[in-house]
Amino acid sequence: MLRRSLWLCLCLCSCPARGLRIHEYLYFQVLSPGDIRYIFTATPAKDFGGVFNTRYDQIHLVPADPPEACGELNNGVFIQDQIALVERGGCSFLSKTRVIQEHGGRAVIIADNAYDNDSFYIEMIQDSTRRTADIPALFLLGRDGYMIRRSLEQHGLPWAVISIPVNVTSIPTYEMMQPPWTFW
């Protein structure tokens, strides 16, 4: 954990104006609901999408409906000015990002559709259509995405409240609230 935190600090300190790049981690914290009040790890898309140049202390993480976000969204009005939680599958990562962007989303977090995936990050790449997207696109482990969606369903909530990005180098290791199901 200490090695990973130091590495993140070096990456963030060496390129603060450009934001995060590929093979770097971005951390976000769920603030509500409380049963998943953990710090989660995500990775940025390799060759499309924007970067996080703004810190959001409290913003909604809204699960897309339908979850794969390959076309028109039933809850698109709730995505506007928020961050969407999308599920992998059905169309390209870039297509999902563009759908969220077209609905006014500030970013998209695409969770793996393999719900038991708790350690393998997928490299999200351009889909060869020459289209672009301006909002940040992040990849989230399948287990993390599943646990967030499950908690929202159990509580009957339409979204989670998150803080993104979180600088984990400023948090003492003993205070780090990591998901108990994920090996760090």
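Counting starts from 1 at the beginning of each chain's written sequence and moves along it residue by residue. Owing to the predicted nature of the model, reporting of local features is limited to residues with pLDDT of at least 70; listing and counting of side-chain atom pairs is limited to 80 or more, with chain, interface and lining totals taken over all residues. The side-chain figures draw on all heavy atoms in the structure; neither hydrogens nor water molecules are used.

Caption draft 1: Region of interest: the overall build of the chain. Only DSSP runs of H or I with at least four residues qualify as helices, and only runs of E with at least two residues qualify as strands; both kinds are numbered from the N terminus onward. Within the chain, the regular secondary structure consists of four helices and seven strands. Overall, the chain shows an N-to-C arrangement of helices and strands of α-β-β-β-α-β-α-β-β-α-β. Burial classes: relative accessible area under 20% of the type maximum marks a residue as buried, over 50% as exposed, and values in between as partly exposed (1.4 Å probe, protein chains only). Within the chain, buried positions represent 49% of all 184 residues. Here a residue-residue contact requires only that any non-hydrogen atoms of the pair lie within 4.5 Å. Taking the intrachain contacts of the chain between residues at least 6 apart in sequence as the baseline, contacts between residues at least 24 apart amount to 71%. Methods summary: accessible areas were calculated by the Shrake-Rupley approach with a probe of 1.4 Å, and residue burial reflects only the protein chains presented. Accessible area of the chain: about 9,100 Å², with a carbon and sulfur share of 51%.

Caption draft 2: A look at the pattern of salt bridges. Only one rule defines a salt bridge in this text: a Lys or Arg side-chain nitrogen within 4 Å of an Asp or Glu carboxyl oxygen. Here the structure, examined in full by the defined rule, presents seven salt bridges. One salt bridge connects Glu123 with Lys46, and the closest N-O pair in it is separated by 3.8 Å. Of the two residues, Glu123 sits in the loop between strand 5 (107-111) and strand 6 (137-140) while Lys46 sits in the loop between strand 2 (39-44) and strand 3 (56-63), which places them 77 residues apart along the sequence. Using a relative accessible area of 37% as the deciding quantity, one classes Glu123 as partly exposed. Here Glu87 ties to Arg149 by a salt bridge, and the two come within 3.2 Å at their closest N and O atoms. A residue pair is termed long-range when its members are at least 10 positions apart, and Glu87 in strand 4 (residues 83-87) and Arg149 in helix 4 (residues 142-155) qualify at 62 residues.

Caption draft 3: The sheet that holds strand 4, seen in detail. Two strands qualify as a pair provided that DSSP identifies no fewer than 2 bridges between them. Judged by pairing direction, the barrel is mixed, and its seven strands sit side by side in the order 1-2-6-5-4-3-7 before closing back on the first. Here the average twist between neighbouring strands, direction ignored, is 35 degrees. Here five bridges tie strand 4 to strand 5, and the two strands are oriented parallel to one another. Bridging from a neighbouring strand, Ala84 pairs with Val108 of strand 5. All axes here are fitted lines through C-alpha atoms, helices being fitted over the stretch that makes contact, and every angle between N-to-C directions spans 0 to 180 degrees. Contacts between helix 3 (residues 93-102) and the sheet are confined to strand 4, strand 5 and strand 6, with strand 5 contributing the most and set at about 140 degrees to the helix.

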